[in-house]
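# Structural characterization, general
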Amino acid sequence: MIRTLPSFTLSEIASLVKGRLVGDSELVINSLSTLESAKSGQLSFLANAKYTASLGQTQAGAVLITENHLVNAPCAAVVVDDPYLAFAQLSKFFDWRLKANFGIASSAHISASAQVHEQASIAAGVVLGEETIIESGVYIGPNAVVGNRCVVAKDARIEAGVILYDDVHIGQRSLVHSGAVLGGDGFGFAPTKGAWVKIYQLGGVRVGQDVEIGAGTTVDRGALDHTYIKDGVKLDNQIQIAHNVVIGEQTAIAGCTAIAGSTKIGRRCTIAGMSGIVGHLTIADNTHITAMSLISKSVTQPGQVLSSGTGQELHRSWKKNVIRFKKLDSMAKRITALENKVDNFSSEG
């Protein structure tokens, strides 16, 4: 199928974002682009004042802009309160994904007890397990595997190559990207006489509504209860979510972060890339964790910004500091000894 490129007049664009139009209302917009790269017929936006110079030089047909930057616009404009939000709202209308055709591909394998709504799309090579339910508007991409007793709710999208183990539920309008694996065994073993006895993972995974799960991300099934990814959560690529983790509503987590088992992340948190959170912790609502941080104890006060790890420095300076780090213990002991001497001298005086 050849994709027909979308296009909108500038007046339609203004209506979609509830903005004020300045310029040619009939100007046709056929795509979005950056201020630096945009050409005639493309729409761009200014969301950060440091790009004001780029605004003045843009070749875009029109821009999304705030009232106070309108004077710098060299082209037509749609004035809004939040250009970045307006850009986000418009982006779905220019999405590269083809609209799915309802139906089941002939090469798909559908278990006899599976229920597939007539307005769902099941692509080539898909496997659907026993007692699995696929609701209306769902798209299951090529070669995806959906295990037994799964539920994929209305208008959710499962991209090519996703694997859902048994007893995984995906909420309405959620999106799971290629290579993600949901419902694999959590890492649970009991030690005995120098060996390990497997703890079979008997829970499932429950993903809420309007969740996005990035490519290559893994969400382990619970040991007894489920692992929960609540409504509106956004997970980047290559994240590890261990068994029985709970991630609260509207939390966003960046790539390569790992969260150990049974930790509870609050609502509206942000966790930057390559962070690590150890198990059995509670992280309060609205906590913000900066990149490459290690969180090793619970966070009880909401709204904190947390960092760990060291900042960037020149390699030569870093090597010197590594040597100093190794001396910290002996330095601390010497300082304590000196303080004791001072205290003794003061008391004697």
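Attention here is on the structure that accompanies the text.

## A short note on the nonpolar core
Across soluble globular proteins, you tend to see nonpolar side chains buried next to one another. Formed by 48 residues in total, the largest nonpolar core has its most connected members in Ile-140, Val-152, Leu-164, Ile-170, Leu-182 and Ile-247. Mapped onto this core, the elements with two or more residues apiece are strand 14 (139-140), strand 19 (168-170) and strand 24 (205-207). Of all hydrophobic cores here, the second largest spans 15 residues; its members include Leu-10, Val-78, Val-80 and Phe-94.

## Remarks on the packing of aromatic side chains
This model, assessed by the stated rule, comprises six aromatic pairs. Ring geometry for Phe-8 and Phe-94: centres 5.4 Å apart, planes at 70°, overall edge-to-face. Of this pair, Phe-8 sits in strand 1 (residues 8-9) while Phe-94 is found in the loop between helix 3 (83-91) and strand 8 (103-104), placing the two residues 86 residues apart along the sequence. Here Phe-8 falls in the buried class, since its relative accessible area comes to 18%. Centroid distance Phe-45 to Phe-87: 4.4 Å. Interplanar angle 20°. Geometry classified as stacked. Placement of the pair is Phe-45 in strand 5 (residues 42-45) and Phe-87 in helix 3, with a sequence separation of 42 residues. By the ring-pair criterion, three or more aromatic residues cluster together here, those being Phe-8, Phe-93 and Phe-94. When the ring centre of Tyr-200 is taken as reference, the NZ or CZ atom of Lys-198 above it lies at 5.5 Å.

## Re the sheet that holds strand 18 (residues 163-164)
Strand pairing in a sheet relies on backbone hydrogen bonds. The paired strands run either parallel or antiparallel. Read from one edge of the open sheet, ten strands run 9-12-15-18-21-26-29-32-35-38, paired in parallel fashion. Single-partner strands in this sheet number two, and they are strand 9 (109-110) and strand 38 (294-295). With three bridges connecting them, strand 21 (residues 181-184) and strand 26 (residues 218-220) associate as parallel partners. Across the sheet, residue Val-181 finds its bridge partner in strand 26, namely Thr-218.

## A short note on helix 1 (residues 10-17)
Among the residues of helix 1, Leu-10, Ile-13, Ala-14 and Val-17 are the ones counted as buried. Down the axis of helix 1, the buried set is contained in an arc of 100°. They therefore lie on one face.

## Observations regarding the layout of surface pockets
Empty space within the largest pocket amounts to approximately 1,200 Å³. Forming the boundary of the largest pocket are 31 residues, of which Lys-92, Asp-95, Arg-97, Arg-157 and Leu-175 lie nearest the centre. Every element with two or more residues in the lining of the largest pocket is listed here: helix 3 and strand 28 (234-235). Looking at which element gives the most residues to the lining of the largest pocket, the answer is helix 3, with three residues. Here the lining of the largest pocket is built from residues that sort into eleven nonpolar, nine polar and eleven charged. The volume enclosed by the second largest pocket comes to roughly 160 Å³. Leu-98, Lys-99, Ala-100, Asn-101 and Tyr-139 are the residues nearest the centre of the second largest pocket, which is lined by eleven residues in total. Along the lines of polarity and charge, the residues of the lining of the second largest pocket split into five nonpolar, two polar and four charged.

## Quick word on the pattern of salt bridges
Where side chains of opposite charge bring their charged atoms close, a pairing between them can arise. Evaluated as defined, the whole model comprises ten salt bridges. Across the pair Arg-20 and Glu-67 runs a salt bridge, and its minimum N-O distance is 2.8 Å. On the criterion of sequence distance, the pair formed by Arg-20 in strand 2 (residues 20-22) and Glu-67 in the loop between strand 6 (62-65) and strand 7 (76-79) is long-range, its members being 47 residues apart. Look at Arg-20 and you get partly exposed, because its relative accessible area is 41%. Its salt-bridge partner being Asp-329, residue Lys-333 comes within 3.4 Å of it at the nearest N-O pair.

## As for the environment of Ser-11
With respect to the secondary-structure elements, Ser-11 resides in helix 1. For the pair Ser-11 and Gly-23, spaced twelve residues apart in sequence, the C-alpha to C-alpha distance is 9.5 Å. Residues within four places of Ser-11 in sequence aside, it is in contact with Leu-21 and Ser-25.

## Overview of the state of the cysteines
For the structure on display, the rule yields zero disulfides. Distance from the sulfur of Cys-269, which forms no disulfide, to the nearest cysteine sulfur (Cys-256) is 20 Å.

## Quick look at the packing of helix 1 against helix 3
Packing of helix 1 against helix 3 leaves a shortest axis separation of 10 Å and a crossing angle of 110°. In terms of their interaxial angle, helix 1 and helix 3 are classed as roughly perpendicular. Facing helix 1, whose interface residues are Ile-13, Leu-16 and Val-17, helix 3 presents Ala-86, Gln-89 and Leu-90. By residue class, the composition of the contact of helix 1 with helix 3 is five nonpolar, one polar and no charged.

## Examining a positive patch on the surface
On the surface, Arg-316, Lys-319, Lys-320, Arg-324, Lys-327 and Arg-334 cluster together into a patch of positive charge. Per-element tally for the positive patch: the top contributor is helix 4 (residues 315-326), with four residues.

Thresholds, definitions, all that
Residues numbered from 1 in each chain as written. Predicted model: local features only at pLDDT ≥ 70, side-chain atom pairs only at ≥ 80, totals over all residues. Heavy atoms only, no water. Core = buried A, V, L, I, M, F, W, Y, C linked by side-chain atoms within 4.5 Å. Buried < 20%, exposed > 50% of the residue type's maximum accessible area, 1.4 Å probe, protein only. Helix = DSSP H or I, 4+ residues; strand = E, 2+ residues; numbered from the N terminus. Phe/Tyr/Trp six-rings, centres within 6.5 Å; stacked < 30°, edge-to-face > 60°. Lys NZ or Arg CZ within 6 Å of the ring centre and 35° of its normal. Pairing = 2+ DSSP bridges. Arc of directions from axis to C-beta. 1 Å grid on protein atoms, 1.4 Å probe; cavity = no way out; pocket = protein on both sides within 12 Å on 5 of 7 lines; lining within 4 Å. Points joined across faces, edges and corners; volume = space filled by probe spheres on them. Nonpolar A, V, L, I, M, F, W, Y, C, P; charged D, E, K, R; others polar. Salt bridge = Lys/Arg side-chain N within 4 Å of Asp/Glu carboxyl O. Contact = heavy atoms within 4.5 Å. Disulfide = S-S within 2.5 Å. Axes fitted to C-alpha atoms, helices over the stretch in contact; angles between N-to-C directions. Parallel < 35°, antiparallel > 145°, perpendicular 65-115°, else oblique. Patch = residues over 30% accessible without salt bridge, like charges linked within 9 Å, V, L, I, M, F, W, Y side chains within 5 Å. Areas by Shrake-Rupley, 256 points an atom, 1.4 Å probe, with all protein chains shown as cover. Lys, Arg positive; Asp, Glu negative; His and termini not counted. Charge placed at Lys NZ, Arg CZ, Asp CG, Glu CD.

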